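So you can see what is in the structure, the chains are spelled out below.
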Amino acid sequence: MQRVRVGTGFHLSLAIGALLIAAAIAALGFVQWQAAEAVERNKTLDNVVTEGLQLVQLTNEVLLYKQERAVTQWRGQFDHVTAAVGMALGPADGSDVQLRKIDTRLTDMRLLFERLASPDADHGDSRAAQDVAGILSSQLFQKTVLLQTSLRSLKTFSDDQIKGSYDAAKERTLLTFGLLAALMALFGIVVSVLFRNVVLRPLQGLELAIRRVNAGDAKQRADLCADDEIGMVSRAFNGLLDQQEEHRRQLQYLAYHDVLTGLPNQLLVKDRLVQAIAFAGRSGNRVALLFLDLDNFKTINDSLGHPVGDALLRAVSERLVGCIRDTDTVARQGGDEFLVILSDVQSSDDIAALAEKLLERLTVPFQIEGHDLSTSASIGIAIHPDDSRDFDTLLKKADTALYEAKAAGRNAYRFFTERMNVEASEYLQVRSGLRRAIENREFELHYQPQIDLATGALVGVEALIRWQHPQQGWIPPARFIPVAEDSGLIVAIGEWVLREACRQLAEWRSSGLPELTVAVNLSGVQFKRGMVERSVMAALQEFDLPARLLELELTESILIKDTESVLATVRRLKDIGVRLSIDDFGTGYSSLSYLKRFNVDKLKIDQSFVRDFTSDPDDAAIVRAIIQMARSLNLRTIAEGVETAHVRDQLAAFNCDEAQGYYFARPMPAADFERFVAARASSS
Ligand code: C2E
Ligand code: CA
Ligand code: CA
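In this text, all values refer to a predicted model and were calculated from it rather than measured experimentally.

*Asks:* Teacher, can you tell me more about the coordination of the calcium ion (ligand 2) here?
*Replies:* Each pair of donors in an ideal octahedron of six around a metal sits at 90 or 180 degrees, and each pair in an ideal tetrahedron of four sits at 109.5 degrees. On the protein side, the calcium ion (ligand 2) has Glu 462 (OE), Asn 521 (OD1), Glu 553 (OE) and Asp 583 (OD) as donor atoms, found 2.1 to 2.4 Å from it. Read in sequence order, the donor residues coordinating the calcium ion (ligand 2) give the pattern E-x58-N-x31-E-x29-D. Separating the calcium ion (ligand 2) from the calcium ion (ligand 3) is a distance of 4.1 Å, and Asp 583 supplies a donor atom to each of them. Of the two residues, Glu 462 is situated in strand β9 (residues 458-469) and Glu 553 in strand β12 (residues 550-555); the sequence distance between them amounts to 91 residues. The class of Glu 462 is buried, set by a relative accessible area of 3%. A relative accessible area of 1% means that Glu 553 is categorised as buried.

*Asks:* How should the coordination of the calcium ion (ligand 3) be read in this particular structure?
*Replies:* For the calcium ion (ligand 3), every protein donor is listed as Asp 583 (OD), Asp 584 (OD), Glu 640 (OE) and Glu 640 (OE), and the spread of their distances is 2.0 to 2.7 Å. Residue Glu 640 is classed as buried on the basis of its relative accessible area, which comes to 7%.

*Asks:* Would you mind going over the site of ligand 1 with me for this structure?
*Replies:* Every one of the 22 residues lining ligand 1 counts as a neighbour, but Arg 466, Asp 583, Gln 607, Glu 643 and Tyr 662 are closest to it. Between an oxygen atom of ligand 1 and a side-chain N or O atom of Asp 583, the distance comes to 2.9 Å. Between ligand 1 and the protein, one listed contact pairs an oxygen atom with a side-chain N or O atom of Asp 584 at 3.3 Å. Contact with the protein chains removes 82% of the 790 Å² of surface that ligand 1 exposes when unbound. Only β9, α12 (477-487) and β13 (579-585) provide two or more residues apiece to the shell around ligand 1.

*Asks:* Where do I start with unusual backbone geometry in this structure?
*Replies:* As a rule of thumb, non-glycine residues mostly have phi less than zero, and peptide bonds are mostly trans rather than cis. Across the junction of His 384 and Pro 385, the peptide omega takes the value 0 degrees, indicating a cis bond. For Pro 385, the position within the fold is in the loop between β6 (377-384) and α10 (391-407). At Glu 369, a position not held by glycine, the phi torsion is positive, near 45 degrees. Mapped onto the fold, Glu 369 is located in the loop between β4 (366-368) and β5 (371-373).

*Asks:* Would you take a moment to explain the packing of aromatic side chains for this structure?
*Replies:* Each aromatic ring pair is summarised here by two numbers: the centre-to-centre distance and the angle between the ring planes. Enumeration over the complete set of coordinates arrives at 13 aromatic pairs. Between the aromatic rings of Phe 443 and Trp 467, the centroid separation amounts to 5.9 Å while the plane-to-plane angle is 50 degrees, which identifies the pairing as tilted. With Phe 443 in strand β8 (residues 443-452) and Trp 467 in strand β9, the pair connects residues that are 24 residues apart, well separated along the chain. Look at Trp 467 and you get buried, because its relative accessible area is 0%. Ring geometry for Phe 443 versus Trp 496: centroids 6.0 Å apart, planes at 40 degrees, classification tilted. Of the two residues, Phe 443 sits in strand β8 while Trp 496 sits in helix α13 (residues 490-510), which places them 53 residues apart along the sequence. Exposure remark for Phe 443: the relative accessible area of 7% places this residue in the buried category. In this structure, Arg 319 packs its charged tip against the face of Phe 366, placed 3.6 Å from the ring centre.

*Asks:* So what exactly am I meant to see when it comes to the domain arrangement of the protein chain here?
*Replies:* Reports often express the size of an interface as the amount of accessible area lost when the parts come together. Its domain assignment divides the protein chain into domain 1 (8-197), domain 2 (221-256), domain 3 (266-416) and domain 4 (442-683). Just the C-alpha atoms count here: the centres of domain 2 and domain 3 sit 40 Å apart.

*Asks:* Would you take a moment to explain a nonpolar patch on the surface for this structure?
*Replies:* A cluster of nonpolar side chains, Leu 179, Leu 183, Leu 186, Val 190 and Leu 194, forms an exposed patch at the surface whose accessible area comes to about 450 Å². Tracing the backbone shows Val 190 in helix α4 (residues 126-214).

*Asks:* What exactly am I supposed to notice about helix α9 (residues 348-363) here?
*Replies:* Structural remark: α-helix, 3.6 residues per turn; residues separated by three or four positions point the same way. The terminal C-alpha atoms of α9, which comprises 16 residues, lie 23 Å apart, in line with the 22 Å expected from a rise of 1.5 Å per residue. Of the residues making up α9, those classed as buried are Ile 351, Ala 352, Leu 354, Ala 355, Leu 358, Leu 359 and Leu 362. Angular distribution of buried residues about the axis of α9 spans 165 degrees; they occupy a single face of the element. The outward face of α9, more than 90 degrees from its buried face, is lined by the exposed residues Asp 349 and Glu 360. Considering only its buried residues, α9 is in contact with β1 (286-294), α8 (306-323), β3 (337-345), β4, β6 and β7 (413-415).

Conventions and cut-offs
- In every chain, residue numbers begin from 1 and rise along the written sequence.
- As they are written, the chains are lettered A onward and the ligands numbered 1 onward, keeping that order.
- Local features in this predicted model are restricted to residues whose pLDDT is 70 or higher, and side-chain atom pairs enter the listing and the counts only when it is 80 or higher, whereas totals over whole chains, interfaces and linings include all residues.
- Note: side-chain values were computed over all heavy atoms of the structure, leaving out hydrogens and water.
- Here a donor is an N, O or S atom found within 2.8 Å of the metal, or within 3.2 Å if the metal is Na, K or Ca; sites may look incomplete because water is not among the atoms.
- In this description a helix means any DSSP run of H or I spanning at least four residues, a strand means any run of E spanning at least two, and both kinds are numbered starting from the N terminus.
- Accessible area is worked out with a 1.4 Å probe on protein chains only. A residue is then buried under 20% of its type maximum, exposed over 50%, and partly exposed in between.
- Whether a residue is near a molecule or strand is decided by its heavy atoms; if any one of them lies within 4 Å of it, the residue is near.
- Two N or O atoms form a polar contact when they lie within 3.5 Å of each other; inside protein one atom must be a possible hydrogen donor and the other a possible acceptor, and for residues adjacent in sequence the pair counts only when both atoms belong to side chains.
- Here the open area of atoms and residues is found with the Shrake-Rupley method and a 1.4 Å probe, where only the protein chains shown may cover a residue.
- Stacked, edge-to-face and tilted labels apply to pairs of Phe, Tyr and Trp rings (six-membered ring for Trp) whose centres lie within 6.5 Å, assigned for plane angles under 30 degrees, over 60, and everything in between, in that order.
- Here, a charge over a ring is recorded when the distance from Lys NZ or Arg CZ to the ring centre is within 6 Å and its angle to the ring normal is within 35 degrees.
- The domain boundaries here were taken from an automatic or database domain assignment.
- Surface patches are defined over residues having more than 30% relative accessible area and no salt bridge, joining like charges when they lie within 9 Å and nonpolar side chains (Val, Leu, Ile, Met, Phe, Trp, Tyr) when within 5 Å.
- Salt bridges, as used here, are contacts in which a Lys or Arg side-chain nitrogen is within 4 Å of a carboxyl oxygen on Asp or Glu.
- By definition here, a helix of n residues has an expected span of 1.5 Å times n minus one.
- Read the arc as the range of directions from the helix axis to the C-beta atoms.
- Whether two residues are in contact is decided by their heavy atoms: any pair within 4.5 Å suffices.

What follows is the structure, encoded as structure tokens:
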């Protein structure tokens, strides 16, 4: 709606008001001027009357006393009167008739007066002359009376005129004032109505809108946006609100979405799952929560940089979204973890089929910034209502199942089972306990003797860690070492083992025990994250031990992975003079090439072949082959898990160099070991 602008309206009102006042002043001025005119006119007429009456007076004097002086005076007065009449003549206002009568009478009087006053009248027949004079006098007298009457009526006219004029002026003034007041009132009404409609109402609307917005109604807008200044303010206000609304929506979006991938985040996914559960509750179907984790993302991120890692995450999220139905949800849980909600599924087979599809799609290499990136994922699955009915528990169980999938060698999916839960809670207990174990001195090393099969001499010990958990008692290394490796705590634990083993060996040396080697087990994680070389050197230096007395037990898998960096580390360790043995030999890759490259000293034949190889011809063949191969490569051999004399004899017959096992002794605390050594010495 086109409206008067407030500014224009204001100026227009001012102008109209001023105009009204000016008109009123002009009207009053006109009235005043008219009144002044009337007074002026009245004065002229009065002058005629005054001068005329004096002439009447003089005429009477002349007629009564016939004085010479009066005659001259009369003539002078006559001129005054005719001049006054001449001046008064003109305006046709009703005085005209009177004035013309007066003029005629004056002309008559002049004629009579001059005849009366002429010398001829004195020098004629005196009688006749006297008669004539008498007639003239009486005629003059009559004329004088008539003149007087005319003057009187002129006077009356003039008086009436001035009175009428005053009355008219009064009336006009009143009328002007009345009209002006009415106009002003009308003007006031019009202005106030306009003001109400154009200014007040929109302002009130704006104020109301502001109050509603303040009260929290973000959708409220100012209406009545006319094309005027207030309309402009309202539009600016609405614009501000729109902007705020947009910001609010952006914030809302950011609060519920992952910035990198644009996928729903943890908050939104929870919401979606709750919805899906509510929906499934009605249809009686199930909802699956898939916890997906990329297997090698960290390596890609660390080696190729975060931009590539980010691009990979985006590409992965796109592929995941491409695999699911519209009714399902893919969300980013954080890092390289994703959640998938499958709503309304009927059987586990459907879920398994989708999990397989996801894993398969992810193994197709990604082309990112010129890199051909292969990746795989592991998936843990929890199902509503089978595993739980609430989000947090489902998430925890899916996470537990994911851990299992990872443990199963990655690129796999696992459904949650209750057994996992028991294991997972144990796992968590162990992990939290491990953090305090070093400070609390809960670890201890036990030592298992190693015997030279040819001479029967005690040549070394293997240090094996033991953990006395304050609540759970002894926890076997098989249960906590994998957890320590998984959490990285193995680095600190391994350093402690190295130092403690060296300290113990130095103590035994100084107390006069025969010279022994100490074998320490190393984890692959120590190679990857720790500084094995530095801790070995530090331990040897601290206890002043010759390097040849320290033997490091590595598994084949350590040497297979990350070959270059491991090779460099192992070479430097060998340069120091430390011995290397391959633990659990035969269970891994058993590739001969690395044995040469790493310059290994000893093979430790895994106990699974040794324990009862006397009854299993296959195992016996393997053990013999290993020993023969080691000899040909100039490596020493040690058999672990020797439990019987029979096995010992057989190994000796195969030319195995050393043996270790319950047959000789179980792993034992240092003090027991000292007694063990003393007992052997006294018996021999
Ligand atoms: P491993 O290195 O193969 O250690 C030998 C295991 O066999 C030890 O189990 C030992 O007690 C057991 N054993 C020795 N003789 C016999 C026998 O005659 N019969 C049978 N049945 N078993 C025998 P333990 O001490 O429970 O250690 C298990 C594993 O834990 C070790 O296997 C090793 O891989 C790991 N481990 C132990 N201590 C450490 C350590 O300080 N650091 C690291 N990284 N791993 C360790
Ligand atoms: Ca070992
Ligand atoms: Ca072993």
